Amino acid sequence: MEAYHPPLIDEAVGKVSAVATYLQIPSAEIYYAALSQYSTDAWAWAKSSYHLTVLTLTPVIILCTLLFRVLGSVFMAIGGRTIQQFGRHAVWFVQVQRSLSAAEIAVELLVVATVVGVYLLRRYIRKRRYVERIRRWMRRHVVTRYQNAVRAVSKTSVLLALALPHLLYAVGVTAIHYAAPSVTKYLALHTPAIGVLTLWMPLVRTVLFLHRWTMKKRLDDAESKKKDDGGTAGTETENEAAAAGSGAKTRAARKKMTRSTTSRAADRYLEATMSKSTKKTKLDEEEAALREEGMELLKYWVVY
């Protein structure tokens, strides 16, 4: 190996010193002094910032603490009793459940399962629209025949036609009374059957009718809004298609269309039109049925 010669080292050190002088690189003593001054100033800035933060946030913290205390006292005053009552009821429920036998617990589970099953059955019936179908069948067969009979009677006597529903009701009630007098007497005197038949059943029917009427109106509003949006979008699409149709590409594409494609499009259009008309007819029938039911309920409550 070749040994380093001192003149080369001196020359290298001189060049490095010249570069450092040209770049104004400070010496280690100056750099350490500046770093020491920076650390002192940074510590002073941190202390002053902390002091300023404490002075600024102390009133806010005190105010928030007071506010939370007030809200906590109000919540305990209002909801403390409710929470205590809920805890007592929960403890009582657990104790009662522990004191029950296996047969009683099985009966409870059977009742819960029955309620859930009735709810699911109701959803299934509403989904399949069995009630609407039965009402439609009753309206087309029973109600229509009854109305025809009333019209036939009205040709002979209008007063008899008006009194016909009351006569039929009186005949039915009298027949039931003479067929089972003990049952009717027990139902009339020892059970709330009259109140249920005259007040609660019509009231529940009215509430359900209002719910169905509200849902029908919401669906109609949503359908009309959807049609309006679709009409606007369709108009814009037609305008764009008309603008694009002026070009050569659109004309070429139109020339390439075959009769089979045209017939398919026509068939789809006819199917869509028929489905829309059928749907509209069903909606009209449902609305007419709802209006008729509403008039019947209104007449009943006016007489009641």
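Residues numbered from 1 in each chain as written. Predicted model: local features only at pLDDT ≥ 70, side-chain atom pairs only at ≥ 80, totals over all residues. Heavy atoms only, no water.

## Some points on unusual backbone geometry
In this structure, R129 is a non-glycine residue whose phi angle is positive, near 60°. With respect to the secondary-structure elements, R129 resides in the loop between helix 3 (102-128) and helix 4 (130-156). (Helix = DSSP H or I, 4+ residues; strand = E, 2+ residues; numbered from the N terminus.)

## Notes on the side chain of T184
Assignment of secondary structure puts T184 in helix 6 (residues 181-190). In this structure T184 comes out as buried when scored by relative accessible area, which is 18%. If sequence neighbours within four positions are ignored, T184 has contacts with I176 and H177. (Buried < 20%, exposed > 50% of the residue type's maximum accessible area, 1.4 Å probe, protein only. Contact = heavy atoms within 4.5 Å.)

## Digging into a positive patch on the surface
A grouping of R123, K127, R128 and R133 is seen on the molecular surface, where their side chains present a positively charged patch. No other element matches helix 3, which puts three residues into the positive patch. Within the fold, R133 resides in helix 4. (Patch = residues over 30% accessible without salt bridge, like charges linked within 9 Å, V, L, I, M, F, W, Y side chains within 5 Å. Areas by Shrake-Rupley, 256 points an atom, 1.4 Å probe, with all protein chains shown as cover. Salt bridge = Lys/Arg side-chain N within 4 Å of Asp/Glu carboxyl O. Lys, Arg positive; Asp, Glu negative; His and termini not counted. Charge placed at Lys NZ, Arg CZ, Asp CG, Glu CD.)

## Some details on a nonpolar patch on the surface
A cluster of nonpolar side chains, namely V196, L197, W200, M201, L203 and V207, defines an oily patch on the protein surface of about 580 Å² accessible area. With respect to the element layout, L203 can be found in helix 7 (residues 193-245).

## Observations regarding the packing of aromatic side chains
The description of an aromatic ring pair uses the distance of the two centres, along with the angle that the planes make with each other. With the rule as written, the count across this model stands at three aromatic pairs. Consider the rings of F209 and W213, whose centres lie 6.2 Å apart with planes at 35°: the pair is tilted. With F209 and W213 both in helix 7, this residue pair falls four residues apart, about one helical turn. What makes W213 partly exposed here is its relative accessible area of 23%. Here Y300 and W301 contribute two aromatic rings whose centre-to-centre distance is 5.4 Å and whose plane-to-plane angle is 75°, an arrangement assigned as edge-to-face. (Phe/Tyr/Trp six-rings, centres within 6.5 Å; stacked < 30°, edge-to-face > 60°.)

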